[in-house]
Amino acid sequence: MKTIFNKMKFGRVLSMLAVLAIATLLLIGTTGCGEGDEGSERLKVAADIMPLADFCNNVGRELVEVEMLIPAGASPHNYELTSEQMKFLSGADMLVLNGLDLTPWAEDIFDKVDNPDMVRVRAAEAVPAPDLIEASDGAYDPHVWLDPELAVHQVEAIRDGFVEADPDNGEIYRENADACIDELRGLSEYIGGEVSTFTRRKFVSFHPAWSYFARRYGLEQVGVVEELPGKEPGVGEIADLVELIRAEGVEVIFTEPQFNPKAAEVIAEESGADVVLKSLDPLGDPDDEEKDTYVKFMKNDVGIMAEAMR
């Protein structure tokens, strides 16, 4: 009897081990790192700037692997890709550019990447033309993401790109995009409430990055330090801007961490003691807890504006 009992006990152990093995296989099949609903590998996605990389992560979540091409502190206007980034692009499923010539170097480089099946999205070009602002050179201002209401169009373009690249998970991308859009609209409401408390409405920015933001929230960007990013103003341009600042009663100049602030410092000093310098980051920084998502860096910038404009 003892032998029969031991055999029965051993059989139950084997049955339990078999059940555990099956459960483990099922768990791996549904929640394994890098796999979506259909067990496929995550989409490899490259995005040029941090705001778009954040939108990609919010829309794709666990279904995507996102590579941000332009690091924090670098200017998107003249960045040079590394060999590792070119290698990533050669195997990427999707490329998300802002478009509107924010990265004028991009098209030539990406045409050299041997990846004809890669889905390409130019997110800012999803914004309806009547909502775009013309720049001084006749092109459109590319900084649409700094207006959260216009950023909704960028999220929709990213969503559509994901659905094209991975239609089996289309419904997930649509649901995630809806949640992201709700967050953007909540952010816009928050910013509107903060800006409504400003007693000063005029400012000078380092380059023409904040036109969409100013238009949306009733502020006035009366001038810029560098009309073309990276091209320092001449003596005559500095004198003209100083005169404009005095005439308009501007009391704040916003610099940016992507550019040398020396010219802005000279202009502030020449303009008078009441003019202060503050630094706004229009791109965010994934390594800074205060600016590591789009919502965070936008709120951080609004807080900096408030210090100077309330």
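Here, every reference points to the structure presented above.
Residues numbered from 1 in each chain as written. Predicted model: local features only at pLDDT ≥ 70, side-chain atom pairs only at ≥ 80, totals over all residues. Heavy atoms only, no water.

## Here we look at unusual backbone geometry
Residues other than glycine predominantly adopt negative phi, and peptide bonds predominantly adopt the trans conformation. Phi is positive for Arg-61, close to 50 degrees, though the residue is something other than glycine. Here Arg-61 shows up in the loop between α2 (50-60) and β2 (64-68). (Helix = DSSP H or I, 4+ residues; strand = E, 2+ residues; numbered from the N terminus.)

## Some words on the pattern of salt bridges
Under the criterion given, the structure shown has 9 salt bridges. In this structure, the salt-bridge partner of Glu-171 is Arg-174, at a minimum N-O distance of 3.7 Å. On the criterion of helical spacing, the pair formed by Glu-171 and Arg-174 is a turn pair, its members being 3 residues apart in helix α6 (residues 170-195). Its relative accessible area of 48% is what places Glu-171 among the partly exposed residues. (Salt bridge = Lys/Arg side-chain N within 4 Å of Asp/Glu carboxyl O. Buried < 20%, exposed > 50% of the residue type's maximum accessible area, 1.4 Å probe, protein only.)

## Here we look at the nonpolar core
Among the nonpolar cores identified, the biggest contains 74 residues, and Val-96, Phe-162, Phe-213 and Tyr-294 are the most heavily contacted of them. Looking at which element gives the most residues to this core, the answer is helix α10 (residues 294-309), with 10 residues. With sequence-adjacent residues up to four places away left out, Val-96 is seen in contact with Val-45, Ala-46, Ala-47, Asp-48, Leu-52, Cys-56, Val-121, Ala-123 and Ile-158. (Core = buried A, V, L, I, M, F, W, Y, C linked by side-chain atoms within 4.5 Å. Contact = heavy atoms within 4.5 Å.)

## A short note on helix α8 (residues 235-248)
The end-to-end C-alpha distance of α8 is 20 Å, a good match for the 20 Å that 14 residues give at a rise of 1.5 Å each. Listing the buried residues of α8 in full gives Ile-238, Leu-241, Val-242 and Ile-245. Relative to the axis of α8, the buried residues are bounded by an arc of 105 degrees and lie together on one face. Counted as exposed and oriented over 90 degrees from the buried face of α8: Asp-240, Glu-243 and Ala-247. Elements that come into contact with the buried residues of α8 comprise β5 (202-205), β6 (220-224), β7 (252-255) and α9 (262-271). Of the residues flanking the end of α8, it is Gly-249, one or two places downstream, whose phi is positive at about 70 degrees. (Expected span 1.5 Å × (residues − 1). Arc of directions from axis to C-beta.)

## Concerning the sheet that holds β5
Spatial strand order, β6-β5-β7-β8: 4 strands in an open sheet with parallel pairing. Each of the sheet's edge strands pairs with one partner strand only, and the pair in question is β6 and β8 (276-279). Taking the axes of each pair of neighbouring strands and ignoring which way they run, one obtains an average angle of 35 degrees across the sheet. This element, α8, spans β5, β6 and β7 of the sheet and lies at about 155 degrees to β6. α10 contacts β5, β7 and β8 of the sheet and is inclined by roughly 170 degrees relative to β8. (Pairing = 2+ DSSP bridges. Axes fitted to C-alpha atoms, helices over the stretch in contact; angles between N-to-C directions.)

## Focus on the sheet that holds strand β1 (residues 43-47)
Read across the open sheet, the 4 strands follow the order β2-β1-β3-β4; overall the sheet is parallel. A single partner strand is all that each edge strand has here, and the edge strands are β2 and β4 (119-122). Averaged over all pairs of adjacent strands, the angle between strand axes in this sheet comes to 20 degrees, irrespective of strand direction. With 4 bridges joining them, strand β3 (residues 94-97) and β4 adopt parallel strand pairing. The residue of β4 that forms the bridge with Leu-95 is Arg-120. Most of the contacts of α2 go to β2, to which it runs at about 175 degrees, and overall it touches β1, β2 and β3.

## Let's talk about α10
Between its terminal C-alpha atoms α10 stretches 22 Å, which fits the 22 Å expected from 16 residues at 1.5 Å a residue. Along α10, the residues classified as buried are Tyr-294, Val-295, Phe-297, Met-298, Asp-301, Val-302, Ile-304, Met-305, Ala-306, Ala-308 and Met-309.

## Examining the packing of helix α5 (residues 148-165) against α6
Look at α5 against α6: their axes get within 9 Å of each other, and the N-to-C directions meet at 170 degrees. Between α5 and α6, the interaxial angle falls into the category roughly antiparallel. Between α5, through Pro-148, Glu-149, Ala-151, Val-152, Val-155, Glu-156, Arg-159, Phe-162 and Val-163, and α6, the contact on the second element is made entirely by Gly-170, Tyr-173, Arg-174, Ala-177, Cys-180, Ile-181, Leu-184, Arg-185, Leu-187, Ser-188 and Ile-191. Tallied by class, the residues present in the contact of α5 with α6 amount to 13 nonpolar, 2 polar and 5 charged. (Parallel < 35°, antiparallel > 145°, perpendicular 65-115°, else oblique. Nonpolar A, V, L, I, M, F, W, Y, C, P; charged D, E, K, R; others polar.)

## Considerations on the pairing of β1
Within a regular strand, side chains alternate between the sheet's two faces. Within β1, 4 of the 5 residues are buried, which leaves the element mostly enclosed by the surrounding structure. Here β1 pairs with β2 via 5 bridges, running parallel. Along β2, the bridge assignment pairs Leu-43 with Val-64. In this fold, the crossover linking β1 to β2 by way of α2 has right-handed handedness. For β1 and β3, the ladder comprises 3 bridges, and the chain directions are parallel. Across the sheet, the residue bridging to Ala-46 is Leu-95, located in β3. (Right-handed = clockwise from strand over helix to strand, strands pointing away.)

Interpretation note: all reported values are geometric properties and have no functional meaning in isolation.
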